[in-house]
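# Chain and residue survey
This is what each chain is made of:
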Amino acid sequence: MRIGMVGTGYVGLVSGTCFAEFGIDVVCVDKDATKIERLKKGDVPIFEPGLEDLLDRQIKAGRIHFTTNLDEAVKGADAVFIAVGTPPRQSDGHADLSYVYQAAKEIAACMDGYTVVVTKSTVPVGTAREVEQIIRDTKPDAEFDVASNPEFLREGAAVNDFMRPDRVVIGTSSERAQKVLREVYRPLFLNETPIVFTKRETSEMTKYAANAFLATKITFINEIADLCEKAGADVQDVARAIGLDGRIGSKFLHAGPGYGGSCFPKDTLALTQTGQAMGAPQRIVETVVQVNADRQKQMASRIIAACGGDVKGKRIGVLGVAFKPNTDDVRDAPSLVILPLLQEAGAHIAAYDPEAMEQARLFLTDIDWKDEAYQVAENADVLVILTEWNEFRALDLARIGESMKEKRLVDLRNIYKLEDMKELGFHYVSIGRPDLLPESKPVLKEVTGQ
Ligand code: UDX
């Protein structure tokens, strides 16, 4: 078995490396020569736990190769995966498919013999059909099929998600293509991983539906959290109690500052655009997109309110800028919305993230970047937890409290217990739970000062 992987971004690199681990010969191609040179040496340009070790093993075993020459990746390949970017178009939020179509054209020109061309990038319904047309137009005598095989990888857990997926979805009605892809995913068949063979349109839709559903679930619990604050309920207990209902499930019910990342914001927006274009508006998802955007802004107001309504000249310490732990990715991270709003309100910001500071520097200015969490807390009027990195879960809070100007913590990920914070005497604001004022009993939000 031999496959080509076009695009060595997050999805292409993780998928290519894991396919090599399955025992397949993989050739990864990218136009970025500098990146290819790094990858040849096993130098992984993204932070993804476990990936560098795995890649190193595949390079040593000679099962993975990197090149800028598409021909090397396509000639003799049983399947060629398209894993290039599909960013939202600036003008309207539609997925920009120009890289996918360009790749299709170039692949067609290199194909020799029967090849399954697989769209792995997240693409709107109908894209595989379009890719097929492009290949046919470019090389009318080509022997090929086009299949859809979306990825469901979570950043920070991508290697595990690839090797032990909940399911694999393959969209093609060609038996020949099915046979090739069954062989590509053979180790997972042996593991009894559910593999859903379906039509291409269904496969493409599945990816958007899955991400939109998860984004909706998060947004739902976030709004319930707002209500819990008013009603004196505890959202964590509510989430646990409803999650025990097998029909609901406990995952993706952590209330927080709003979802971010490279997928949910982009895919929810693209789904609403497709819904509008096809005359089946996705009103729930449209609302989710709006509620989530508003929420990120509201988080800045929440921090300002915790500081008595004014942060002018105040020092705000921020722990975590990545959109979630175990990644250096800040794409659409809540931090990119919240921090500039705090700066606009006149605050000075010191921040630390274990992995994402280099990326964040490209988008955030005038931040006093620190080397560790304790430095961030020094002389701060308020400390804000924005990303739930493990290393923030067991901080010496007594030491932190001592070094701060005010013992004030805004925990947007609910990683600390109310009892502990009460004992330590912090003014503690979290999500979907009562605020704790210093040396006072828990109070409901908006009844502070009583
Ligand atoms: C997501 C999907 O999970 C994955 O299947 C898809 O292929 C790509 O998009 P990812 O973006 O890596 O993966 O992160 P994920 O763990 O899903 O988190 C997305 C966002 O939701 C993060 O901002 C996270 O903080 C937030 N989130 C997640 C919550 O706020 N609460 C939760 O309970 C779960």
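What counts and what doesn't
Residues numbered from 1 in each chain as written. Predicted model: local features only at pLDDT ≥ 70, side-chain atom pairs only at ≥ 80, totals over all residues. Heavy atoms only, no water. Helix = DSSP H or I, 4+ residues; strand = E, 2+ residues; numbered from the N terminus. Buried < 20%, exposed > 50% of the residue type's maximum accessible area, 1.4 Å probe, protein only. Contact = heavy atoms within 4.5 Å. Axes fitted to C-alpha atoms, helices over the stretch in contact; angles between N-to-C directions. Parallel < 35°, antiparallel > 145°, perpendicular 65-115°, else oblique. Left-handed = near helix turned anticlockwise from the far one by under 90°. Nonpolar A, V, L, I, M, F, W, Y, C, P; charged D, E, K, R; others polar. Pairing = 2+ DSSP bridges. Right-handed = clockwise from strand over helix to strand, strands pointing away. Phe/Tyr/Trp six-rings, centres within 6.5 Å; stacked < 30°, edge-to-face > 60°. Near = heavy atom within 4 Å. Polar contact = N/O pair within 3.5 Å; in protein donor to acceptor, adjacent residues only side chain to side chain. Areas by Shrake-Rupley, 256 points an atom, 1.4 Å probe, with all protein chains shown as cover. Expected span 1.5 Å × (residues − 1). Domains from an automatic or database assignment. Buried area = accessible area lost by both parts, 1.4 Å probe. Salt bridge = Lys/Arg side-chain N within 4 Å of Asp/Glu carboxyl O.

### Remarks on the side chain of D267
- Structurally, the position occupied by D267 is in helix 12 (residues 264–278).
- Residue class for D267 comes out buried when judged on its relative accessible area of 1%.
- Beyond its immediate sequence surroundings of up to four residues, D267 is in contact with T122, K207, Y208 and N211.

### Some thoughts on the packing of helix 1 (residues 10–21) against helix 3 (residues 51–61)
- Relative orientation of the contacting elements helix 1 and helix 3 amounts to 50°, with a least axis distance of 9 Å. With respect to helix 3, the axis of helix 1 lies oblique. Classified by chirality, the crossing of helix 3 by helix 1 is left-handed. The residues of helix 3 that touch helix 1, namely those facing L13, V14, T17, C18, A20 and E21, are L51, L54, L55, R57 and Q58.
- In the contact of helix 1 with helix 3, the residues fall into 7 nonpolar, 2 polar and 2 charged.

### Observations concerning the pairing of strand 6 (residues 144–148)
- Counting buried residues in strand 6 gives 5 out of 5 residues, a clear majority hidden from the surface.
- By the alternation rule, side chains of strand 6 split into F144, V146 and S148 and D145 and A147, which are all buried.
- Bridge analysis of strand 5 (residues 115–119) against strand 6 gives 5 bridges, and the strand direction is parallel. Bridging from a neighbouring strand, T115 pairs with F144 of strand 6.
- As for the winding sense of the linkage, the β-α-β connection from strand 5 through helix 6 (residues 127–138) to strand 6 is right-handed.

### Here's the deal with the packing of aromatic side chains
- One pass over the structure, following the stated rule, counts 9 aromatic pairs.
- An angle of 90° between the planes, with centres 5.0 Å apart, marks the rings of F19 and F162 as edge-to-face. Of this pair, F19 sits in helix 1 while F162 sits in helix 7 (residues 158–163), and the two are 143 residues apart along the sequence.
- What makes F19 buried here is its relative accessible area of 0%.
- Note on Y352 and F392: the rings are 6.1 Å apart at their centroids and 70° apart in plane angle, and the pair reads as edge-to-face. Of the two residues, Y352 sits in strand 10 (residues 348–352) while F392 sits in the loop between strand 12 (382–385) and helix 17 (397–403), which places them 40 residues apart along the sequence. Of the two residues, Y352 and F392, neither departs from the other in class, the shared state being buried.

### Focus: the site of the ligand
- By nearness alone, 18 residues border the ligand, and E155, H254, G260, K324 and R413 come closest of all.
- With respect to the ligand, the backbone of E155 contributes an N or O atom lying 2.6 Å from an oxygen atom.
- Within the side chain of K207, a nitrogen or oxygen atom sits 3.4 Å from an oxygen atom of the ligand.
- Coverage of the ligand by the protein chains reaches 93% of its 660 Å² of free accessible surface.
- The greatest single-element share of the shell around the ligand, amounting to 3 residues, is contributed by helix 10 (residues 200–231).
- Looking at the shell around the ligand, its residues break down into 9 nonpolar, 3 polar and 6 charged.

### Points about helix 13 (residues 283–306)
- With 24 residues, helix 13 should reach 34 Å at 1.5 Å per residue; the first-to-last C-alpha distance of 34 Å fits that figure.
- Among the residues making up helix 13, those that are buried are V285, V288, N292, R295, Q296, M299, A300, R302, I303, I304 and A306.
- Positioned one or two residues after helix 13, G308 has a phi angle of 85°, which is positive.

### What about the domain arrangement of the chain?
- Once the domains are mapped, the chain shows domain 1 (2–198), domain 2 (208–293) and domain 3 (296–429).
- Domain 1 and domain 3 are separated by 38 Å when their C-alpha centres are compared.
- Listed per partner, the contact involves 6 residues of domain 1 and 9 residues of domain 3.
- Approximately 590 Å² of surface area, both sides summed, lies buried where domain 1 meets domain 3, with 45% of it carried by carbon and sulfur atoms.
- When the area that domain 1 buries against domain 3 is broken down by residue, the three leading residues are F47, E155 and G156, summing to 85%.
- Taken together, the connections running from domain 1 to domain 3 amount to 1 salt bridge.
- Here R331 and E155 are joined by a salt bridge, their closest N and O atoms 3.8 Å apart.
- There are 3 residue pairs in polar contact (both at pLDDT 80 or more) connecting domain 1 and domain 3.
- A breakdown of the residues in the side of domain 1 that touches domain 3 according to their chemical character gives 3 nonpolar, 1 polar and 2 charged.

### Notes on the pattern of salt bridges
- Taken as a whole, this structure holds 26 salt bridges when the rule is applied.
- Here E132 and R200 are joined by a salt bridge, their closest N and O atoms 2.7 Å apart. Pair noted here: E132 is in helix 6 and R200 is in helix 10, with a separation of 68 residues, a long-range link.
- Between D226 and R302 there is a salt bridge whose closest N-O contact spans 3.8 Å. Placement of D226 in helix 10 and of R302 in helix 13 is noted, with a sequence separation of 76 residues between them.
- Classification of D226 by relative accessible area gives partly exposed; the value is 24%.

### Observations concerning the environment of C110
- By the secondary structure assignment, C110 is in helix 5 (residues 98–110).
- Residues C110 and G260, 150 residues apart in the sequence, show an inter-C-alpha distance of 38 Å.
- Those residues in contact with C110, other than ones at most four positions away along the chain, are L70, D71, V74 and K75.

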